[in-house]
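# Report on the structure
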Amino acid sequence: MGDLLSWLFSFFLLVAVLGTILYQLMCLADLEYDYVNPYDSASRINRGVLPEFALQGALCFLHLVTGHWLMFLICLPYLYYNIKVYIDRCHLVDVTEIFNQLPWEKKIRLYKLGYLVMLLAFSIVWMVWSIVDDE
Amino acid sequence: MGTEYPNSPAIPSRPASPFSVPQSSTPFKSSGPVVGPEASAFRHAPPSSSQITPPSSSYGSMVGTEASAFRTIPSGMPNGAARPPPTSGFPNMPPAAGPYQHFPAPQFSSIAQVPPPRTSLAGQPVLWPPVRPVSGSFSTSPVSLNPTQPPPVQMGSPPQSGSMVQPDPVAPRSPIDSQFSAARATMQLSSPTAGSVYPVARPSFQSSFPGYISQQTTAGAQAQPRQSLAFHPKPGGYVPPMPAASSPYFAQQGGYAAPPSVASQLGHPREQIRHPGSTHPMAVMQGLVEDFSSFSIGSVPGSFDSGLDSKVLPRPLEGDLERNTLSEMFPLNCSSRYLRLTTSGIPNSQSLASRWHLPLGAVVCPLAEAPNGEEVPVVNFAQTGIIRCKRCRTYVNPYVTFTDGGRKWRCNSCALLNDVPGEYFAHLDASGRRIDLDQRPELTKGSVEFIAPTDYMVRPPMPPLYFFLIDVSAVRSGMLEVVAQTIKSCLDNLLGFSRTQIGFITYDSTLHFYNMKSSLNQPQMMVMSDLDDVFIPLPDDLVVNLSESRTVVDAFLDSFPSMFQENTNVESAFGPALRAAFMVMSQLGGKLLIFQHSLPSLGVGRLRLRGDDIRVYGTDKEHILRIPEDPFYKQMAADFTKNQVAVNVYGFSDKYTDLATLGTLAKYTGGQVYYYPSFQAAVHKDKLCHELARDITRETAWESVMRIRCGKGVRFTTYHGNFMLRSTDLIALPAVDCDKAYAMQLSLEETLLTSQTVYFQVALLYTSSSGERRIRVHTAAAPVVADLGEMYRMADTGAIISLFTRLAIEKTLTSKLEEARKSVQLRIVKALREYRNLHAVQHRLGGRMIYPESLKCLPLYGLAICKSIALRGGYANAQPDERCAAGYTMMALPVKKMLKLLYPQLIRIDEYLLKKTSLAEDSKDKGIWKGLPLAAGSLDPQGLYLYDDGFRFVLWFGSMLSPDRVKNLLGENFAADYSKVSLRELDNEISRNLMGLLNKYRESDSSYYQLSYLVRQGEKPREGYFLLTNLIEDPVGGANGYLDWIMQLHRQVQQNA
């Protein structure tokens, strides 16, 4: 039962990370089509960045402590990337250069999105597996 | 020319030269574009020949101009002895072809003037009699020429070209064939050009074949005796009727009037028979006379010599050789001052664009200074509202067409039919033009200014506002005095008259605000020492209306330098001061001038010494030195732009002040960085005075936004310069002036462009200093081409280099200097390789380096970019601050200034100074101002040289220059250390001449003040620092010299070629 709970919990964490990424992508798309100005767009995106990192870190940690080694390993590259950009202090988008960075920022987030969807699939499979296992 | 005409007795010698055929075509053409032939009229005259003309008429004309250049080569052949012998199997492509090809470009303009359409028409009747006997058809066509006709139609007209090519079985007909069609097009369209060629070519012949004959020679090598015979009587018999005033142009026309083609139409049997024979070789000739320039690089076996003489390498010694092919094709385009495309031929497909390895884009200088008489007309659409396309928002421009009796207009950009508002309605005349065209500058000029109605305002137009943020920490350089004096002297000249606002904040470890309320006698100073929580001590009165508070401002400017004279505080609370300034200015916007003397050391935004770290160079972290350290500055810059504040940064320190960080303020607000390393009032006073005065008194556009629109299928994607983007294609510019240019690159959105022409429209919406909201609109059209060769032919080195430089500087912000330099080199190599591949199939190129005539200086400028202060060497070659300041400056430079900075002018002036002639006379004589190659070899120890890069003068005194002369120039202390000697006018002829000369140069280019630095030959390290490192053709400090650079490029081009 504990395993199922931890899977459920990690599932919601994952969905939350996914949500922040989608939100950022939406802001970028808005910016690209000129629905918002770069100032608002940048501040909205930047508001979402740290929560995303924190949630993702929490997810990793959860996998670690609950012993989902494989999931933890799959999460690691993402975590490594986040830590790296954070240390390089380029995790926030730069309002002055946002249009030049736009294609790259979008690409990165799309990759992240794909990655997270994959994780989600794994999560669900494992969760179902743990339910089936329980019974 | 008219006078030469009578000299035709020499004609008998003509047989040596006569390509009469091509010539015959040219005259026709020459009248063509100028007069603008009416299609129908033109066509019916030469129906037989017109079939062959290529269908792609739209760009034929430019091809013509280009190609015409090449025609000069054959012309040169008769006196080929004077030239180096051709090294390759190209008899008509001697290595020295380059020099010859120079002519056409400069000539264009002159020609264009020479035959104004109507005058030439008027003149022609006089000519006709002589011409007629030879060819009747010719007379008809010129008569029918209609000035209104767009150039493209001419394609159909050139019968001569057709007939000429026809007989030649070798000549391909298909327009797709680049080589030949180009050559052919030449004849058809290039009238003005062709015309230009002749006069140029003529001089060389004059000795042997005077006048009219020489023209014949020009045309080609295949003599057509028959024709010449036919001409003979003309010169002889008709000379008297020929007006003496007839321009060379006419004479040509006369001479060419006997085009065989025309003759053939008329049924001159003789001519026709002759024709085939003569044409064939000629056509072949044309095929061979390529449209590239080249020089041989092939070492003589057994020698280490590269076999390349550095003297033959192309150099831009006459400055920017701008080619106006585009403005000839599209005379309604805006001037190239405002908009320059890197190539006037827009590729018609993405695959073609991808083969164009140079930047594809434009450099825009929306407010460039116009010479007197060419000011941009102002149009007031008060009643009608500004006429714009409903769909694409293009402003009404000369290229829109009116239909439906004048009730509708078709947008040139998106082809949408728009209604013409009732107030703007005008009837159309028979040719479809509006009858009020003469009164509508927006329909006749490429550049206009609309007065914008209130829809274009989000708030009432702001007054010009100047805010000064001055670092007063322990300043001993005299900077404060100079700044205060200059501002004070400019108060009367500030823009905006009675609306101007002004304010000051000074700071050291505390902030000092000044209440300058008009009711006060003396400004009130308020000191704030709480740097963490900056607030504004007074709601108003920190920024005051200048005319109301003039006495207070004067009192402040008088007193404040002395107030801080004894200041011993060495701290600089720049960040908090910036915040305070932002709070004060955020309501109105305006211009913020920052005078920073030391590294910001207190409060938010403090910076650390980081530029001195030599170990960083060459590592991946190197670029970090060139980007802002603290995000605070970027954020501030963004906020400034948002609130319409432009920041100009003046740096004065001899120590590291982290201009890389401070400069971001200017970069993202449309400002500018001025840097005076080790400022000393005694030395730099004039420079600071001039530049500060210009900064605050030049015409400025406030709270502006700029957008450049272009036709369907093409889109501007990236922008380069000092500004911030407000949306994907909207450039926010809190302040713009004539010294700022912006570059942008475009990309094709569709795989294939279907239109024949692409239109560009730059629109700058701004508030003028007088408080009027205005829109300045520049419109330009450019042809779409399907052939890479044409893109090269229509390339503009200046614009390409301008974009290159900006790209390279941007690259230094993300990678090593070395990589930035390599990227420049790589792109040049790719471009040249592609060009080589284009021609390698048809020609034996061997070891020759080939390049398009239009890009002949590209390699040299590429080298210059790599050796510019912003990109040169490594740690030791430039101070970090100097490098960054140069980078920020170059990002904003207009094309001409950029080229001058990259390849400065070096001239010898000692002989000139000795001349007694008055300055005014000499200024007309351009000959003596021919620049010298920037190499140490150009310097003669007996000479005095002036090096002028637009930012400073360096006077180089040769070691063997006579001491008397030096004494005359420098006064008694001529033998002293030159770093302590300043140049001033002395009471003798030489000195006066020199100062006059320098002043003249300064006036001609007043955006910066060129301070004179004196350097004696052999004086170290000054000579090296000021001059030798800047002689870019020499190998200095491990970098390539020009020769090596070319060799290196050539090797790389040939690899995988």
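What comes next is a walk through the structure. (Residues numbered from 1 in each chain as written. Chains lettered and ligands numbered in written order. Predicted model: local features only at pLDDT ≥ 70, side-chain atom pairs only at ≥ 80, totals over all residues. Heavy atoms only, no water.)

Facing 14 residues of chain B, the contacting portion of chain A comprises ten residues. Note on chain B versus chain A: buried area summed over both sides is about 1200 Å², and carbon and sulfur give 58% of it. At the boundary of chain B with chain A, the tally comes to two salt bridges. Counting every contact that joins chain B to chain A gives five residue pairs in polar contact (both at pLDDT 80 or more). A per-element tally of the side of chain B that touches chain A places helix α24 (residues 631-642) of chain B first, with six residues. Residue classes in the side of chain B that touches chain A are distributed as five nonpolar, four polar and five charged. (Contact = heavy atoms within 4.5 Å. Buried area = accessible area lost by both parts, 1.4 Å probe. Salt bridge = Lys/Arg side-chain N within 4 Å of Asp/Glu carboxyl O. Polar contact = N/O pair within 3.5 Å; in protein donor to acceptor, adjacent residues only side chain to side chain. Helix = DSSP H or I, 4+ residues; strand = E, 2+ residues; numbered from the N terminus. Nonpolar A, V, L, I, M, F, W, Y, C, P; charged D, E, K, R; others polar.)

Residues and elements named next belong to chain B. Taken across its eleven residues, helix α31 (residues 880-890) has eleven buried, putting it largely inside the fold. Among all positions in α31, only Pro880, Asp881, Glu882, Arg883, Cys884, Ala885, Ala886, Gly887, Tyr888, Thr889 and Met890 are buried. Looking at the buried side of α31, the elements it contacts are α25 (659-667), β17 (672-675), α28 (797-812), α29 (817-840), α32 (895-902) and α37 (1022-1027). (Buried < 20%, exposed > 50% of the residue type's maximum accessible area, 1.4 Å probe, protein only.)

Before going further, it helps to spend a moment on the sheet that holds strand β19 (residues 714-720) of chain B. Residues and elements named next belong to chain B. In spatial order, the strands read β2-β4-β22-β19; together these four strands make up an open sheet with antiparallel pairing. Sheet topology places β2 (339-341) and β19 at the edges, where each strand pairs with a single neighbour. The mean inter-strand angle of the sheet, taken between neighbouring strand axes irrespective of direction, is 25°. One ladder, built from four bridges, connects strand β4 (residues 361-364) with strand β22 (residues 742-748); its direction is antiparallel. Bridge pairing in β22 places valine 364 opposite tyrosine 742. Contacting β2, β4, β19 and β22, α28 crosses the sheet at an angle of about 95° to β22. (Pairing = 2+ DSSP bridges. Axes fitted to C-alpha atoms, helices over the stretch in contact; angles between N-to-C directions.)

All right, on to the packing of aromatic side chains then. Residues and elements named next belong to chain B. Taken as a whole and judged by the stated rule, the model has 38 aromatic pairs over all chains. For the pair phenylalanine 951 and tyrosine 1008, a centre-to-centre distance of 4.3 Å together with 40° between the ring planes defines the contact as tilted. One end of the pair, phenylalanine 951, is in the loop between β27 (944-948) and β28 (952-957); the other, tyrosine 1008, is in the loop between α36 (989-1004) and β29 (1011-1016), with 57 residues separating them in the sequence. The pair formed by phenylalanine 951 and tyrosine 1008 is uniform in burial state, with each residue classed as buried. For arginine 434, the ring lying beneath its charged end belongs to tyrosine 424, and the centroid distance is 4.4 Å. (Phe/Tyr/Trp six-rings, centres within 6.5 Å; stacked < 30°, edge-to-face > 60°. Lys NZ or Arg CZ within 6 Å of the ring centre and 35° of its normal.)

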